[in-house]
Amino acid sequence: MNKKEFEFTIESGKAERHYWMDLWRYRELFYILAWRDIAVRYKQTIIGILWAVLRPLLTMMIFVVVFGKIAQLPSEGIPYPIFVFAAMLPWTFFATAFSDASGSLIGNSNLISKVYFPRLIIPASSVIVAGVDFLISFVILIALMVWYQAIPDWHILTLPFFLLLGFFAALGAGLYIAALNVKYRDFRFVVPFVVQLGLYISPVGFSTTIVPEKYQLLYYLNPMVAVIDGFRWAISGGKTAFNATELFISIVVVILLCLAGIIHFRKTEKTFADVI
């Protein structure tokens, strides 16, 4: 019998042209990295996964005392703990996802330098981990709504949309900073400062309605404003302030963030293995 001969051709630049198809081919790696990050996050901690609950809960308590009791800021007709926690959930999700994505390439430097795979998988999988924390913390929000007898209506069905908007905001910004962080390690000090600043300039402890009208369009450029207002609007059954203008601006800003993040990430991705 004649043996069949097989010819293999190695195309130059094949990986580049089929990059987005490679993302699908390497989906199992995405699952593995996400699961590893979930397992490692709370490994060897005393209270483990409860940290996902304690962080937003303690912050909520501080905000309730400072903004609700001392400053006596309005809560738009809903109990102040629900008002704050409904904002803390999307903000904590964004802050965690953005921070983890920004440092994800440095944290996986050994993997990057040894084997080829689409590097975009690393920051994307780290964002998924923040989603797990969000789901755990969401139980506390349900408990608060039961305690204050705040019964949701059809508006709550819009929550996944606002979560998705926050996801892409974190991913876009995280991709851009992750690529910069490979070359300029100073950004590991900048990111915590930006996250801390964002907590106070986003409407977490206060209502967007207290922002002067002449500054509101500028304020809406923060994409998390619409995400947070949208969460409150969905949880409160449409009682809190939310308008189409802030939603439209947020969607545009998030799209631009994602495009800028992907373009910059892809532009610098080839150098990661050498620089990192």
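What you see is a predicted model; the values in this text were computed from it and never measured.

Comments concerning the side chain of histidine 155
Note on placement: histidine 155 falls in the loop between α7 (121-147) and α8 (159-183). In this structure the side chain of histidine 155 is engaged in a polar contact, spanning 2.7 Å, whose partner is the side chain of aspartate 153. Beyond its immediate stretch of four places on either side in the chain, histidine 155 contacts Trp233, Ala234, Gly237 and Gly238.

Looking at the nonpolar core
One finds Val84, Trp91, Phe98, Leu105, Leu141, Val204 and Phe265 to be the most contacted residues of the largest nonpolar core, which totals 68 residues. Contributing elements (two or more residues each) for this core: α3 (27-41), α4 (51-70), α5 (80-107), α7, α8, α9 (187-201), α11 (223-235) and α12 (244-268). Counting residues per element, this core draws most heavily on α5, which supplies 17 residues. The residues touching leucine 105, leaving out its near neighbours within four places in the chain, are Ile112, Arg119, Ile122, Pro123, Ala178, Ala179, Val182, Phe265, Phe272 and Ile276.

Here's the deal with the pattern of salt bridges
Scanning the model with the defined rule gives 3 salt bridges in all. When the shortest N-O distance is used, the salt bridge between aspartate 37 and arginine 36 registers 2.9 Å. With a relative accessible area of 22%, aspartate 37 lands in the partly exposed category. Here arginine 266 and glutamate 269 are joined by a salt bridge, their closest N and O atoms 2.6 Å apart. Given a relative accessible area of 15%, arginine 266 falls into the buried group. The buried category is assigned to glutamate 269, whose relative accessible area is 7%.

A word on the confidence of the model for the protein
Interpretation of this model should avoid reading the predicted coordinates in detail wherever pLDDT is low. Overall, the predicted model of the protein reaches an average pLDDT of 85, with 91% of residues at or above 70. Mean pLDDT values for the elements of the protein range from 56 in helix α1 (residues 14-17) up to 95 in α11. Overall, residues 3-13 carries pLDDT values under 50, and its contacts beyond four positions in sequence, including any with other chains, amount to 2 contacts.

Calculation rules
Residues numbered from 1 in each chain as written. Predicted model: local features only at pLDDT ≥ 70, side-chain atom pairs only at ≥ 80, totals over all residues. Heavy atoms only, no water. Helix = DSSP H or I, 4+ residues; strand = E, 2+ residues; numbered from the N terminus. Polar contact = N/O pair within 3.5 Å; in protein donor to acceptor, adjacent residues only side chain to side chain. Contact = heavy atoms within 4.5 Å. Core = buried A, V, L, I, M, F, W, Y, C linked by side-chain atoms within 4.5 Å. Buried < 20%, exposed > 50% of the residue type's maximum accessible area, 1.4 Å probe, protein only. Salt bridge = Lys/Arg side-chain N within 4 Å of Asp/Glu carboxyl O. pLDDT = per-residue confidence, 0-100.

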